[in-house]
Amino acid sequence: MAKKDIKETTKEVVDETKIQEKKAKAEKKKDTKKKTKKAERKAPKENYFVGVRNELSKVKWPSKKEVFKYTMATIIFVLLLVGFFILMSLVMSGIKGAFN
């Protein structure tokens, strides 16, 4: 009987130490994550604006001709939609008037 008790208690102790080790590792990971996040947040603002300028220089901006073409396409599309909804409104009011 004594041997069984000793085996059970040693098994419990081993399990507890494993749990404690896992908790310690998890806490260390959290601490390192917090430290790296704090270090990333404290980057100087000058670096931010330099990065923004670099990214904007990589953008392919449209030419004046392309901007004009896209603007005209948008205006025409909007006018077509306006015409469609005016037509639908007239049709619906005509249908409503027919039943009154």
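Here the structure is shown first, and the text comes after it.
Residues numbered from 1 in each chain as written. Predicted model: local features only at pLDDT ≥ 70, side-chain atom pairs only at ≥ 80, totals over all residues. Heavy atoms only, no water.

Visitor: Just to check I follow, could you spell out the overall build of the protein for this structure?
Guide: The helix and strand inventory of the protein stands at three helices and zero strands. Ordered by position from the N terminus, the helices and strands of the protein form the series α-α-α. In the protein, which comprises 100 residues, the proportion classed as buried is 0%. (Helix = DSSP H or I, 4+ residues; strand = E, 2+ residues; numbered from the N terminus. Buried < 20%, exposed > 50% of the residue type's maximum accessible area, 1.4 Å probe, protein only.)

Visitor: Where do I start with the packing of aromatic side chains in this structure?
Guide: Remark: the centre distance and the inter-plane angle together describe each pair of aromatic rings, the angle taken between the planes. For the structure shown, the criterion picks out two aromatic pairs. Centre to centre, the rings of tyrosine 48 and phenylalanine 49 are 5.3 Å apart; their planes meet at 75°, and the pair counts as edge-to-face. Like tyrosine 48, the residue phenylalanine 49 is exposed in the burial classification. Ring plane angle 70° and centroid distance 5.3 Å describe the contact between phenylalanine 84 and phenylalanine 85, whose orientation is recorded as edge-to-face. Judged by relative accessible area, which is 44%, phenylalanine 84 ranks as partly exposed. (Phe/Tyr/Trp six-rings, centres within 6.5 Å; stacked < 30°, edge-to-face > 60°.)

Visitor: Please explain the pattern of salt bridges as it appears in this structure.
Guide: Where charged atoms of side chains with opposite charge meet at close range, the side chains can pair. A full pass over the atoms with the stated rule returns one salt bridge. Here glutamate 55 ties to lysine 58 by a salt bridge, and the two come within 3.5 Å at their closest N and O atoms. Taken together, the positions of glutamate 55 and lysine 58, both in helix α2 (residues 45–58) and three residues apart, correspond to about one turn of that helix. (Salt bridge = Lys/Arg side-chain N within 4 Å of Asp/Glu carboxyl O.)

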